[in-house]
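Observations on the three-dimensional arrangement
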Amino acid sequence: MRIVGSVSLATAATLIGLFGNVMLGVAGLSLAGPGLSWAGPGVTVIEYSDSDDAERAIGIGMGIIALVVWLVLLLSALLVGVRGGRPTRERRGTVWIVVGLSTVLVLGTLTAVLATPPLLS
């Protein structure tokens, strides 16, 4: 039963983490470019016209909050799966594989989103 709970938490965490990546990537999409970029010197917020400031701030805020929720849910999935009375080797292995896959998927897409240079408008 702990494996099912852990896998369910990790699946929900992965979906929320991917949503956060999408929000970070499309913040400010009204001008055909990402709102947050890592392609330049460090992580920078791409400057657009003043009318897009609120939209970009909401998108970046939602993305950061979603990534924090992803981390909390992923740690919860890890604790649910590994803790408990006499965790078996199979249960620990399954939990670590699912948590590892979620981490690779979310951090990989986050890197891809942030490494994409802004499009010229």
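Residues numbered from 1 in each chain as written. Predicted model: local features only at pLDDT ≥ 70, side-chain atom pairs only at ≥ 80, totals over all residues. Heavy atoms only, no water.

A few points about helix 1 (residues 2–26)
Taking 1.5 Å of rise per residue, the 25 residues of helix 1 would be expected to cover 36 Å, and the 36 Å separating its terminal C-alpha atoms lies within 8% of that figure. Residues of helix 1 that are buried include every one of Ser 6, Ala 10, Ala 13, Thr 14, Gly 17, Gly 20, Asn 21, Met 23, Leu 24 and Gly 25, and no others. (Helix = DSSP H or I, 4+ residues; strand = E, 2+ residues; numbered from the N terminus. Expected span 1.5 Å × (residues − 1). Buried < 20%, exposed > 50% of the residue type's maximum accessible area, 1.4 Å probe, protein only.)

As for the environment of Ser 76
Within the fold, Ser 76 resides in helix 2 (residues 53–82). Residue Ser 76 is classed as partly exposed on the basis of its relative accessible area of 27%. Counting along the chain gives 67 residues from Ser 76 to Leu 9, while the straight-line C-alpha distance between them is 7.3 Å.

Things to note about the nonpolar core
Counting 16 residues, the largest nonpolar core has Ala 13, Leu 24, Leu 67, Trp 70, Leu 74, Val 99 and Leu 110 as its most contacted members. Where this core is concerned, the elements lending two or more residues are helix 1, helix 2 and helix 3 (89–115). The dominant element in this core, judged by the number of residues it contributes, is helix 2, at 7 residues. Setting aside residues no more than four positions away along its own chain, Leu 67 makes contact with Gly 17, Asn 21, Leu 24, Val 106 and Leu 110. (Core = buried A, V, L, I, M, F, W, Y, C linked by side-chain atoms within 4.5 Å. Contact = heavy atoms within 4.5 Å.)

Notes on the environment of Val 104
The residue Val 104 is located in helix 3 in this model. Assessed through its relative accessible area of 60%, Val 104 is described here as exposed.

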